[in-house]
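Letter by letter, the chains look like this.
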Amino acid sequence: MFSNRRNLIILGMALVGVVGLAIIVFLNVRPDRPIEGVVQFPRPARGHDDTLVFDGLEVPPAGGEHFGIWQNCGIYAEPIDAGNAVHSMEHGAVWITYQPDLPADDVAQLAEVARSQSFLLLSPYEGQRSPVIVTAWGFQLEVDSADDGRIEDFIERYRLGPTTPELGGACVQGVGVPLP
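1. Concerning the packing of aromatic side chains
Evaluation of the coordinates by the stated rule reveals 4 aromatic pairs. Consider the rings of Phe54 and Phe67, whose centres lie 5.6 Å apart with planes at 70°: the pair is edge-to-face. Pair noted here: Phe54 is in the loop between strand E1 (39–40) and strand E2 (74–75) and Phe67 is in the loop between E1 and E2, with a separation of 13 residues, a long-range link. According to the relative accessible area criterion, Phe67 is buried, its value standing at 13%. Aromatic side chains Phe154 and Tyr158 sit 4.7 Å apart centroid to centroid with 55° between the ring planes, which places their arrangement in the tilted category. Of this pair, Phe154 and Tyr158 both sit in helix H4 (residues 150–158), 4 residues apart, which is roughly one turn of that helix.

Structural data, given as structure tokens:
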């Protein structure tokens, strides 16, 4: 009888171990829940072309051919060249853009987010159709407010993310034009 009880205990412990391992594996391989509103652009083209013109776009480009020089990461009070920003996104940066008439409190809130970590760009974007747009290589999210929690979710998921073509390339932090 003692032998049967011992075998049952060992079998029970093994079963608990297998179930625990299965749960751990499941939690680590399950896909991330989608962030509501994120648009994915399948495999943007890559390449450098300093003659490209990005004027008149209602949203910042989310990848594609771009200028040969990247934009230093940081906070900019004036619009920046989209071709340079796209190059930074190719290196893993997230570009937060906002309508130039966004209230100063909202811009300050976005600046606080941009100061919180590396590989972030913040700038106004002329003609943008949404108050705030967050863009990474191949992904974009349009929101109505700087306090939308999806902004930080987007940054966490896509900054230096798995679809970054040149992960960790240069995007010198802290070089920008300070906001007034």
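From this point, the discussion proceeds with the structure in view.
2. Observations concerning the pattern of salt bridges
With the rule as written, the count across this model stands at 6 salt bridges. With a shortest N-O distance of 2.8 Å, Asp148 and Arg150 are connected by a salt bridge. Salt bridges linked by common partners bring Arg46, Glu90 and Glu166 together as one network.

The rules we used
- Residues numbered from 1 in each chain as written.
- Predicted model: local features only at pLDDT ≥ 70, side-chain atom pairs only at ≥ 80, totals over all residues.
- Heavy atoms only, no water.
- Phe/Tyr/Trp six-rings, centres within 6.5 Å; stacked < 30°, edge-to-face > 60°.
- Helix = DSSP H or I, 4+ residues; strand = E, 2+ residues; numbered from the N terminus.
- Buried < 20%, exposed > 50% of the residue type's maximum accessible area, 1.4 Å probe, protein only.
- Salt bridge = Lys/Arg side-chain N within 4 Å of Asp/Glu carboxyl O.

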